[in-house]
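These are the residues of each chain, in order.
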Amino acid sequence: MTEAVYAPSAEFAAHAHADKATYEQMYAASVADPESFWGEHGKRIDWITPYTRVKNTSFEFGNVNIRWFEDGELNVAANCIDRHLETRGDQTAIIWEPDDPADEALHITYRQLHENVCRMANVLLSQGVMRGDRVVIYLPMIPEAAYAMLACARIGAVHSIVFAGFSPDALANRINDCDAKVVITADEAPRGGRVTPLKSNTDAALLHCSDKVRCLVVKHTGGQTTWVEGRDVDVKALMATAAPDCPPRPMGAEDPLFILYTSGSTGKPKGVVHTSGGYLVYAAMTHQYTFDYHDGDIFWCTADVGWVTGHSYIIYGPLANGATTLMFEGVPTYPDAGRFWAVCEKHKVNQFYTAPTAIRALMGQGPEWVEKHDLSSLKLLGTVGEPINPEAWNWYNEVVGKGRCPIVDTWWQTETGGHLLTPLPGATATKPGSATLPFFGVQPVILDPQTGEEITTTEAEGVLCLKDSWPGQMRTVYGDHERFEKTYFSDYKGYYFSGDGCRRDADGYYWITGRVDDVINVSGHRMGTAEVESALVAHPKVAEAAVVGYPHDIKGQGIYAYVTLMNGIEPSEELRKELEAWVRTEIGPIAKPDLIQWAPGLPKTRSGKIMRRILRKIAEDDFGALGDTSTLAEPAVVDDLIANRMNRH
Ligand code: WTA
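Residues numbered from 1 in each chain as written. Predicted model: local features only at pLDDT ≥ 70, side-chain atom pairs only at ≥ 80, totals over all residues. Heavy atoms only, no water.

Structural notes on the pattern of salt bridges
Phase 1: For the structure shown, the criterion picks out 37 salt bridges.
Phase 2: A salt bridge links Arg 131 to Asp 255, with the shortest nitrogen-to-oxygen separation between them at 2.8 Å. With Arg 131 in the loop between α5 (110–126) and β6 (134–138) and Asp 255 in the loop between β13 (251–252) and β14 (256–262), this pair connects stretches of sequence that are 124 residues apart.
Phase 3: Assessed through its relative accessible area of 37%, Arg 131 is described here as partly exposed.
Phase 4: Residue Arg 616 pairs with Asp 518 through a salt bridge whose shortest N-O separation is 2.9 Å. Here the residue Arg 616 occupies a position in helix α19 (residues 612–619), and Asp 518 occupies one in the loop between β25 (510–515) and β26 (519–522), the gap between them amounting to 98 residues.
Phase 5: Here the residues in one salt-bridge network are Lys 199, Asp 203, Arg 231 and Asp 232, joined through shared partners. (Salt bridge = Lys/Arg side-chain N within 4 Å of Asp/Glu carboxyl O. Helix = DSSP H or I, 4+ residues; strand = E, 2+ residues; numbered from the N terminus. Buried < 20%, exposed > 50% of the residue type's maximum accessible area, 1.4 Å probe, protein only.)

Laid out in structure tokens, this is it:
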């Protein structure tokens, strides 16, 4: 079978920021001399004090150091707002589309954004938030989430957004880990016609936190909430009386902008630290080139601001570019499966960026939901978060894009700040399922996982690493630089290790094959299997648990849990439900196991190590190829697991 290849149309290429020749020339320049390349492109944002040093980075284990533009000073919020006021003060910065389509959408201009962010910044200052203090944001997808992020940036506070789907326990852990001074939440988060009680979740979380933590509440739905005098603050009321102006504070390029917790293969979630200058340059530049964003375009990224995609491509990248960015409170299937397309039609969206899991789910609802809507405004489609299967790619291309919109499949991570592998739509011929080629300045390499050697042939398969730094790279793990070095720089010395497996084809295109560590990707959400396991074993009836991923038609991967119960506890449907509910409260709904298998024992080596490889195979219903089982302590355990497997084809 010949591989499908989709070349950019001559017309698209003619108007694009980069055609093939431009990409090739700029890419070559970016890796030949990163200092000059980024020295030049760093100027795309405004600096209060211009930098003289561009790059100061080392991937050497034990000595990892990543600094960009380090002697420059800037303010990120001023770059996202103030510098646009003169030329586009009355242009819409944010279109806000509410959960319920019957409610009114908002069009927030750059001038209004400026005023609201200043008011919010003054509220934070009035609550004693100072430069460098951490502010946890636990909000729905409402404009106040954007105001809060930018208000922090304006006064030099460091935000840490916790996705509104996380449980009180998860919220408390994050507030404590970063020692936040303030948490900003709302009364309730409406999504798909239902509400999540964010304020009561926050109340529950704060029982486990220092009583110095202030709770700023956005009254969004007006739902009834309990109120703790002296701790709880009505944000909107304070914003209304706060001064509408607040000078942006000059910050060092390497001052932290935000912390975002993400799952790894071991231990509790890590606080990924991004800093100000390099991150903003990189988010803005990738937003412009990858999506071929032009002035006046309406850009919609459907992610939640609780994930890195929302940080870089709803807020920081687009606003730094003076774009109009759409923020959607709802879900793709409410009030019906045509909502995404209704919103595209209503707001004349030009670039649409979503996750393969959403595409697969909507594909299952049939093309009629798309065909009802006029999608002629769309110029480009994008995907992120997981590999896209060719069926979903073709459907996206034909049914949504009508064969005329290039698709950019963007590979990147919370750690990378912005796209690393991606087509540029006017430059790169695409192949369904491939994230294609590196962005400017990005040097991917494929290593042999056994030897750690670089595979230098064009065609290669192994683990994906990066050879040198790019400005958007994370700088450290909050409060634990050693963990940062150990996680990303210790397995393959001298490289940043992504945790992903990858194949490079004869054309030099990259194909991500999935995580090679114990991280799974459920509906584009990253989940550490260890986190789900520790939630399960915290249940009094559970003796032991092992969690693996398995292929899931809609979610990409589902969560498969093997659970060994305490002596004397009998498995039951009721207990299964109890464990599901338990994980929901320990972590959140996204971590709920899809399948739970009662396991009288787990396959272990004689030294007691769980053989996950075998558990993965059984969960995949592929136990014909279990590989070497000679080191198993009790081979009979495996026969029982196979006989009672939950995922049968
Ligand atoms: C996976 C999301 C294939 C990958 C921005 C990565 C992808 C992890 C793609 C990061 C893609 C992301 N194709 N796999 N286009 N994009 N991934 O930190 O395994 O939530 O390591 O960042 O998602 O997930 P994270």
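Examining the site of the ligand
Phase 1: As a matter of local geometry, the ligand sits amid 17 residues, with Asp 409, Thr 410, Thr 414, Asp 500 and Arg 526 nearest to it.
Phase 2: Interatomic distance of 2.7 Å between a side-chain N/O atom of Asp 409 and a nitrogen atom of the ligand.
Phase 3: In the environment of the ligand, a nitrogen atom lies 2.7 Å from a nitrogen or oxygen atom belonging to the backbone of Thr 410.
Phase 4: For the ligand, whose accessible area on its own is 530 Å², the fraction buried by protein is 95%.
Phase 5: Elements supplying a minimum of two residues to the shell around the ligand: α11 (308–320), β20 (407–410) and β25.
Phase 6: Class assignment of the residues belonging to the shell around the ligand gives a composition of six nonpolar, six polar and five charged. (Near = heavy atom within 4 Å. Polar contact = N/O pair within 3.5 Å; in protein donor to acceptor, adjacent residues only side chain to side chain. Areas by Shrake-Rupley, 256 points an atom, 1.4 Å probe, with all protein chains shown as cover. Nonpolar A, V, L, I, M, F, W, Y, C, P; charged D, E, K, R; others polar.)

Some thoughts on the packing of aromatic side chains
Phase 1: According to the stated counting rule, one finds 41 aromatic pairs in the structure shown.
Phase 2: When the centroid spacing of 6.0 Å and the interplanar angle of 90° are considered together, the rings of Phe 163 and Phe 166 count as edge-to-face. Comparing Phe 163 with Phe 166 shows no difference in burial state: the two are buried.
Phase 3: Each ring, one from Tyr 282 and one from Phe 439, has its centre 5.7 Å from the other, and the planes form 80°; the classification is edge-to-face. Of this pair, Tyr 282 sits in helix α10 (residues 277–290) while Phe 439 sits in the loop between β20 and β21 (444–447), and the two are 157 residues apart along the sequence. With respect to burial, Tyr 282 and Phe 439 carry one shared label: buried.
Phase 4: By the ring-pair criterion, three or more aromatic residues cluster together here, those being Tyr 23, Tyr 27, Phe 37, Trp 38, Trp 47, Tyr 51, Trp 68, Phe 69, Tyr 282, Tyr 289, Phe 439 and Phe 440. (Phe/Tyr/Trp six-rings, centres within 6.5 Å; stacked < 30°, edge-to-face > 60°.)

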